[in-house]
Amino acid sequence: MAFVHFEDVRKVYHMGDVDVCALDGMTFDIERGELCVIVGPSGAGKTTLLNMLGGMDRPTSGVIELGGRQVSDLDDRGLTLYRRNDIGFVFQFYNLVQNLTALENVELASQICPDPLPSAEALAAVGLEGRLDNFPAQLSGGEQQRVAIARAIAKNPKLLLCDEPTGALDYRTGKQILALLQDTCRATGRTVAIVTHNSAFTQVADRVIHVREGRATSVSTNPSPAPAS
Ligand code: ADP
Ligand code: ADP
């Protein structure tokens with residue numbers, strides 16, 4: 001059984017009298033340790049896919065499994081623990097707490113997890129060992145995204161989910177973040193799923209999932225992904 005397994009997942013949003021079908025029988029697998037990139041046009045269902053996989057919401061029907069555990073069956077309490085313990089999130093706009101230092105931001109997220117990595121170590125892994133006591137406003141965009149990645153990794157999650165992680169960064173800084181995510185995946189065997197419009201990501205991916213009209217229209221495995229740096 002694949003590490004991530006989506007089987008015939010449907011998600012229908014009810015908007016007053018109108019039903020919006022965001023996922024329309026989506027099926028795909030991601031193997032353990034893969035860097036998976038999810039692409040597709042706006043409105044295709046990528047964010048909904050990430051929300052279901054991240055336990056932010058439940059599908060209308062279908063099966064979602066992570067590491068052999070059924071996520072689509074969890075109750076509210078189960079989903080809260082799943083989001084906290086099993087998933088690391090990286091967003092486009094970093095979402096750091098402004099009045100906490102880099103180190104405190106990482107500690108805040110990881111200290112409630114059962115098996116966290118040391119916060120200073122996670123920050124060193126993203127090249128910020130010299131910036132532990134800086135506040136977000138004292139850091140560049142790229143550095144803030146590194147803090148966000150350290151915060152996600154320090155939870156020691158089973159799966160790292162990234163939503164447009166370079167969307168707010170310039171080309172060069174974005175490339176560095178891409179290389180960092182690729183290193184994280186390669187060096188630690190951590191499974192990483194990234195939603196992006198940035199075509200550089202598809203070139204370094206082990207797997208590319210194309211989403212269109214709520215379905216995964218093609219799932220490909222890249223036999224020799226290029227190094228990002
Ligand atoms: P290239 O210029 O190298 O051909 P593109 O940027 O056109 O690469 O597209 C690479 C991948 O990124 C494609 O699979 C495409 O679906 C996705 N992509 C690019 N731009 C967008 C966009 N604006 N919205 C959604 N997906 C996009
Ligand atoms: P993408 O991330 O690929 O742009 P989304 O998953 O955001 O696509 O959206 C897929 C479809 O579901 C769109 O038609 C969108 O308008 C709709 N949708 C997404 N989230 C909601 C929501 N919370 N309520 C109603 N409709 C939604």
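Model, not experiment: these values are computed from the prediction.

S.K.: So what's going on with the sheet that holds strand β1 (residues 4–15)? Residues and values would help.
M.R.: Taken in spatial order, the four strands make up an open sheet running β2-β1-β4-β5, and their pairing is antiparallel. Each edge of the open sheet is held by one strand with a lone partner, namely β2 (18–30) and β5 (69–70). Where β1 lies against strand β4 (residues 61–66), five bridges are found, and the strand directions are antiparallel. Opposite Val4, over in β4, you have Leu66 as the bridge partner. Its contacts with the sheet place helix α1 (residues 46–53) against β1, β2 and β4, and it is angled at close to 115° to β1.

S.K.: I'd like to hear about unusual backbone geometry, residue by residue, with values.
M.R.: With a phi angle near 50°, Asp8 is a residue other than glycine that sits in the positive phi range. Position of Asp8 relative to the elements: it lies in strand β1. Although it is not a glycine, Glu213 adopts a positive phi angle of roughly 50°. Mapped onto the elements of the fold, Glu213 is located in the loop between β9 (207–212) and β10 (215–221). On the accessibility criterion, Glu213 (69% relative accessible area) is exposed.

About the criteria used
Residues numbered from 1 in each chain as written. Chains lettered and ligands numbered in written order. Predicted model: local features only at pLDDT ≥ 70, side-chain atom pairs only at ≥ 80, totals over all residues. Heavy atoms only, no water. Pairing = 2+ DSSP bridges. Helix = DSSP H or I, 4+ residues; strand = E, 2+ residues; numbered from the N terminus. Contact = heavy atoms within 4.5 Å. Axes fitted to C-alpha atoms, helices over the stretch in contact; angles between N-to-C directions. Buried < 20%, exposed > 50% of the residue type's maximum accessible area, 1.4 Å probe, protein only.

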